[in-house]
Amino acid sequence: MTAAATHTDPGVEPGPPIGSARAVLLTILGDAVLPTGGRAWLAALTAVATDLGIQPAATRQALRRLVVQGLVSPQRHGRRARYELTPTGRRRLEEAAERIYLRRPLTWDGRWHLLSWPRGGGASAALQRELRWLGYGELDDGTWCCPWDLGTRLDAVLAKHDADRAAHRFTAALEGDDRELADQAYDLRALRDAHRSFLAAAAAPDDPTDDRAALVARLSLVHRWRKLLFLDPGLPSALLPADWLGDRAGAAFVTAYRAIEAPAWRHYLAVAAAADPTGASPPQPSSNLAAATTAAAATTAAARPDAATNRHDTVATDRGTNDHGDDPVREREFLALLHGGRRIEPSDWMPSTYRRLNIRFIEMHANSEIMGALPEREWIARAPSLRRKRSLAAKVQDEVGHAHLIYRVAESLGRPRAAMYEDLIAGRGKFHNVFHYPTHTWGDVACIGFLVDGAAIVTQRALLETSYAPYVRVMRRVVAEESLHYRHGEDIMLAMASGTDEQFEMLQEAVLRWWEPVMHFFGTDVARDDDPMIHWGVKTRTNEESRQEWIAQYVPKLWDMGIETPDPALAYDPETSRWTYTEPDWDRLRAIIKGEPTPTTATRLYWRQLLHRNHAWVRRILLGDAVPAAA
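Residues numbered from 1 in each chain as written. Predicted model: local features only at pLDDT ≥ 70, side-chain atom pairs only at ≥ 80, totals over all residues. Heavy atoms only, no water.

Below, the discussion takes up the sheet that holds strand S6 (residues 143-146). Pairing between sheet strands relies on hydrogen bonds along the backbone, with the strands arranged either parallel or antiparallel. Taken in spatial order, the 4 strands of this open sheet run S5-S6-S4-S7, and their pairing is antiparallel. The open sheet has two edge strands with one neighbour each: strand S5 (137-140) and strand S7 (168-172). Ignoring strand direction, the axes of neighbouring strands in this sheet form an average angle of 30°. Inspection of the sheet shows strand S4 (residues 112-116) paired to S7 by 5 bridges, in the antiparallel sense. Residue Trp 112 lies in a different strand from S7, and its bridge partner there is Ala 172. Strand contacts of helix H6 (residues 125-134): S4, S5 and S6, with the helix running at about 20° to S6, the strand carrying the most contacts. The sheet strands contacting helix H8 (residues 178-185) are S4, S5 and S6, and the helix crosses S5 at an angle near 95°. (Pairing = 2+ DSSP bridges. Helix = DSSP H or I, 4+ residues; strand = E, 2+ residues; numbered from the N terminus. Axes fitted to C-alpha atoms, helices over the stretch in contact; angles between N-to-C directions. Contact = heavy atoms within 4.5 Å.)

In structure tokens, the structure reads:
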């Protein structure tokens, strides 16, 4: 019996269409096909669509349109056809799923993201529809605003409509009432009416009589909710009235969905198996709601911190959702892709643990680039020659540039750059241990350029194989420039090692000071199987593997210069092909990791805080804080 013959019972007629054929098909693909592997036989699609009031001919026509749009690809198997989501289709549906199933975090950093077009220009009707779906509201004919930094998603939408060059982008904080701006950009009264209508329909749901009716009810529910989200941008609570109905509507959606989820899956899997020539059932689905929090926490105002909280204390909310909220089946599928070499993009679904570990690691890296520039910045004015001043200034400029590139990577994971920088200068942010120490002499500058940058190159080259794709793309540039920085440090080392006796002694003393901090740089020895950073693909090498590589590359060069190392046990063991060394004082490293600042760190952060306050007027001008929101 074919799937088309299983979808109806004798005497049961399909109801009226719940929407256009294309819209209904997208609902089916997102709610049923995507979680079960991303492919479905034509017979299964037409059977389910028929139950939703769409005739088979209209379903086939809608599929052809989706093929042309690059969202699905057809595969012929004799007289049968199967359709599979393309990478673009998967990405589009995953992005939509974040909003539909309440997965998108609603944290807000208090800044508005503005789009404007030159006079006489403007967004086309198609672009306007997509901007509204992303969460943008229209202030006037040429200006749009959104509380979210959408990153690459906005880039893709603007490029798709050939508007990426014409559109101007701004980020600003409003000096006024954010709620008034939200009311101007979004039709909140119409949204309230839409939420009220949705709640009325959800208050008295039809009780499904069987599994087939449960699937029809679930897809109809998702379709209504998806249509509502074309109007509702999902604003943070700081921009909404106290009696906002959106939270209640979201809770009603989650409750209704969970009530019919299981029987609906049973029917869809049966239809899909009947349509398969071999009778095989598709992969067991992961719950669409599994990545969301509980119904109450996902949709109440209590789960949506206000603007004041988000501007200054976003660490917990921005670092990912509750680890225990992830679906184990979906997590295993993610790990299988990751361990198979798949690179993860920002638009891909990812477990909260993966997101959190990446943010923690990448944020520390960006902070280290900022703090790593300070010891050398202190020596620009004291460099021994104009040539050294110029090269050191260029290197400091590079390091700060690296920091902001890497901060952007962390932002793509949901951590606002402003929050990261505020945490750093307030002393809450973490950075590499080596940048907690002072630079007493020009020899320290040489050690930073040679030993510390050498250690950084070893670890950063390994990051070219990390699993998060935006990080890899940024690290290609960073590693290339760090190699130049290492050559700069090596040049200073060689000049001092071959200079006067006083210069040589200055260099030798600096190497003795920096030996332990650089050995600490790689961290304690953690077995590969015990390291969650390796398990989740954030790192590709163990701490000890990186330390061994650094010793093998840089210690022989020190010896060639005539420089002694402070560890008498340091030696190469040809039997194990490893270097042996005296264990450094790990308690000293642990104290720094726990946040016990050195006097040098306290001084450097004090000056950062002072300059940050004194230069606030510059940021207001450059970032548009003083510009009225309607400008």
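Further remarks concern the packing of aromatic side chains. With the rule as written, the count across this model stands at 23 aromatic pairs. Between Arg 82 and the ring centre of Trp 41, over which it is positioned, the NZ or CZ distance is 5.4 Å. Between Arg 382 and the ring centre of Trp 379, over which it is positioned, the NZ or CZ distance is 3.9 Å. (Phe/Tyr/Trp six-rings, centres within 6.5 Å; stacked < 30°, edge-to-face > 60°. Lys NZ or Arg CZ within 6 Å of the ring centre and 35° of its normal.)

In total, this model carries 32 salt bridges according to the counting rule given. The residue Asp 155 makes a salt bridge to Arg 169 at a minimum N-O spacing of 2.7 Å. Separated by 14 residues along the polypeptide, Asp 155 in helix H7 (residues 152-160) and Arg 169 in strand S7 bring together distant segments of the chain. The class of Asp 155 is partly exposed, set by a relative accessible area of 32%. The structure contains a network of salt bridges with shared partners spanning Glu 363, Arg 415, Asp 423 and Arg 428. (Salt bridge = Lys/Arg side-chain N within 4 Å of Asp/Glu carboxyl O. Buried < 20%, exposed > 50% of the residue type's maximum accessible area, 1.4 Å probe, protein only.)

So, on to the nonpolar core. Looking at soluble globular proteins, one finds that nonpolar side chains tend to be buried together. By size, the foremost hydrophobic cluster in this structure holds 77 residues, and its most contacted members are Tyr 468 and Trp 550. Sort the elements by how many residues they give to this core and helix H19 (residues 442-463) lands first, with 13 residues. Filtering out sequence-adjacent residues up to four positions away, Tyr 468 remains in contact with Ile 344, Glu 345, Pro 346, Met 350, Tyr 354, Asn 358, Ile 362, Val 409, Ser 412 and Leu 413. Grouped together as the second largest cluster of nonpolar side chains are 39 residues, Ala 81, Leu 93, Leu 219 and Val 271 included. (Core = buried A, V, L, I, M, F, W, Y, C linked by side-chain atoms within 4.5 Å.)

As defined by bridge partners, S5 adjoins S6 across 3 bridges and the pair is classed as antiparallel. Bridging from a neighbouring strand, Gly 137 pairs with Cys 145 of S6. The turn linking S5 back onto S6 is made up of 2 residues.

In short, geometric facts, not functional conclusions.
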